[in-house]
Amino acid sequence: MDYVLLAAILILLLIGVLMVYSASSVWSEYKFGDAFFYLKRQVLFAIVGLIGIWVMVKIPYFKWVNMAVTIYIVCILLLVALFIPGIGMVRGGANSWIGVGAFSIQPSEFMKLGLILLFAKILPTRQHDLPFLFKGFFPMLGLIVFPFGLIMLQPDLGTGLVLVLTGMLLLFIAGAKISHFIGLAVMGLVALAGLIISAPYRISRIQAFLDPWEDPLGDGFQIIQSLYAIGPGGLMGMGFGNSMQKYFYLPEPQTDFIFSVMAEELGLIGGSFILFLFFVIVWRGILIAVHSQDLSASLVAFGITSMIMVQVMINISVVIGLIPVTGITLPLLSYGGSSLTLTLVSFGILLNISRYATIK
């Protein structure tokens, strides 16, 4: 097993648990009367995820690939179930959760892994068809577009983008023509413009991205407060637990904007160390993909690595103001049960593949 990859995962997980407590303690005390509310739940999620890693390391990856069609269909059914009255739960304006009481899951998170496994099963036998637009490329594209459409109905643009970009990267390395992606990019930009125009809040986010100070107490509030957190961090940071922005300035800082609090408390050095650990994960993931014993294993390894890489890039870009605000968690670090457990389970599969890879 790749112990370098495992070490990077565990270190990030530990940092994430500590930072969830630091970022959430003030808000948790105010909202629930318990400064450890989010910490206790995150520790529980981490334990479940670590059990998931252990199970996935023990089960050969190809068993999951063989079940890929069933897993994909179940994920689709869960996405559809979100729109059945009494089943779907609305949080933060998005109908993205299924649950009873305090227990809930986010089906779109599991759809990302379901798509990766499905492509790993189908593409090795359909690889020779990929260069053909209607015979190979479009059918594979449909397997991405359909769940993306269901996710956008929630709506959840962040998770949808991760799903689409991960799928596109898999098609690219499997042999699809670059010309197909150029044409698709043009259509994608048109579709994205349509999605933005169709929802007024997305237009507001674009305007806030271009000039957050135009509406500093409205749509520009999050990015301004995020930059206010990152700036004072300096080289060494203000120290663990000493963030000022978590005092009701940065909304729920334990989720999408947890890196802002990290930069404020740990400084440039701490933030750079976290990014370095993500670099190690991507580096080891690509090595595993390149040295895997078969194409299915390579596709699963590359898909999981791409999913993490895309999610990290989007989250960090939002936090530092490079792209408009998009609700998406930072893997292993942000608070969230579905995201954390799915990420750890995915890493378990990647670690299992590393047992069969011939990395020198």
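Here the structure is a predicted model, which means the values were calculated and not measured. (Residues numbered from 1 in each chain as written. Predicted model: local features only at pLDDT ≥ 70, side-chain atom pairs only at ≥ 80, totals over all residues. Heavy atoms only, no water.)

## Section: the overall build of the chain
- Counting its regular elements, the chain contains 13 helices and three strands.
- Computed over the C-alpha atoms, the radius of gyration of the chain is 20 Å, within 12% of the 21 Å expected from 2.2 N^0.38 for a compact globule of 360 residues.
- Seen through its C-alpha atoms, the chain measures out along the principal axes to roughly 55 × 45 × 40 Å.
- A fraction of 72% describes how many contacts in the chain between residues 6 or more apart in sequence connect residues 24 or more apart.
- Here the chain displays about 16000 Å² of accessible surface, and carbon together with sulfur accounts for 74% of that area.
- Of the charged side chains in the chain, 17 are positive and 15 negative; the average position of the first set lies 16 Å away from that of the second. (Helix = DSSP H or I, 4+ residues; strand = E, 2+ residues; numbered from the N terminus. Rg over C-alpha atoms; globule rule 2.2 N^0.38 Å. Contact = heavy atoms within 4.5 Å. Areas by Shrake-Rupley, 256 points an atom, 1.4 Å probe, with all protein chains shown as cover. Lys, Arg positive; Asp, Glu negative; His and termini not counted. Charge placed at Lys NZ, Arg CZ, Asp CG, Glu CD.)

## Here we look at helix α12 (residues 295–319)
- For α12, built from 25 residues, the straight-helix expectation of 36 Å at 1.5 Å per residue is met to within 8% by its first-to-last C-alpha distance of 36 Å.
- Across the 25 residues that make up α12, a large majority, 22, are buried.
- One side-chain oxygen at the N-terminal end of α12 lies 3.1 Å from the backbone nitrogen of Ser296; it belongs to Asp294.
- Of the residues trailing α12, Gly321 is marked for its positive phi of about 85 degrees. (Expected span 1.5 Å × (residues − 1). Buried < 20%, exposed > 50% of the residue type's maximum accessible area, 1.4 Å probe, protein only. Polar contact = N/O pair within 3.5 Å; in protein donor to acceptor, adjacent residues only side chain to side chain.)

## Quick word on the environment of Met67
- Assignment of secondary structure puts Met67 in the loop between α3 (61–66) and α4 (68–81).
- Taking relative accessible area as the criterion, Met67 reaches 41% and is therefore assigned partly exposed.
- For the pair Met67 and Pro155, spaced 88 residues apart in sequence, the C-alpha to C-alpha distance is 28 Å.

## What to know about helix α10 (residues 221–233)
- Across its 13 residues, α10 extends 19 Å between first and last C-alpha, which sits within 8% of the 18 Å expected from 1.5 Å per residue.
- For α10, the set of buried residues is Phe221, Ile223, Ile224, Gln225, Ser226, Ala229 and Gly233.
- Immediately beyond the C-terminal end of α10, within one or two residues, lies Gly234, with a positive phi of roughly 60 degrees.

## Description of unusual backbone geometry
- Positive phi, close to 70 degrees, is recorded for Phe248, a residue that is not glycine.
- Turning to its location among the elements, Phe248 is positioned in the loop between α10 and α11 (258–290).
- Here Phe248 falls in the partly exposed class, since its relative accessible area comes to 46%.
- In this structure, Leu332 takes a positive phi of about 70 degrees despite not being glycine.
- Within the element layout of this structure, Leu332 appears in the loop between α12 and α13 (337–356).

## A word on the packing of aromatic side chains
- Inspection of the entire model under this criterion finds 16 aromatic pairs.
- Arranged with centres 5.9 Å apart and planes meeting at 50 degrees, the rings of Phe45 and Tyr335 form a pair that is tilted. With Phe45 in helix α2 (residues 37–58) and Tyr335 in the loop between α12 and α13, this residue pair connects regions lying 290 residues apart in the sequence.
- A relative accessible area of 18% places Phe45 in the buried class.
- In this structure Tyr335 comes out as buried when scored by relative accessible area, which is 13%.
- Ring centres 5.3 Å apart and planes at 85 degrees place the aromatic pair Phe134 and Phe138 in the edge-to-face group. Separated by four residues within a single helix, Phe134 and Phe138 lie in helix α6 (residues 133–152), roughly one turn from each other.
- Residue class for Phe138 comes out partly exposed when judged on its relative accessible area of 33%.
- Put simply, the rings of Phe32, Phe37, Tyr38, Phe45 and Tyr335 touch in pairs and so form one group of aromatic residues.
- Across the ring face of Phe132, the terminal group of Lys135 is positioned such that the distance to the ring centre comes to 5.9 Å.
- When the ring centre of Trp283 is taken as origin, the NZ or CZ atom of Arg284, which lies over that ring, is 4.8 Å away. (Phe/Tyr/Trp six-rings, centres within 6.5 Å; stacked < 30°, edge-to-face > 60°. Lys NZ or Arg CZ within 6 Å of the ring centre and 35° of its normal.)

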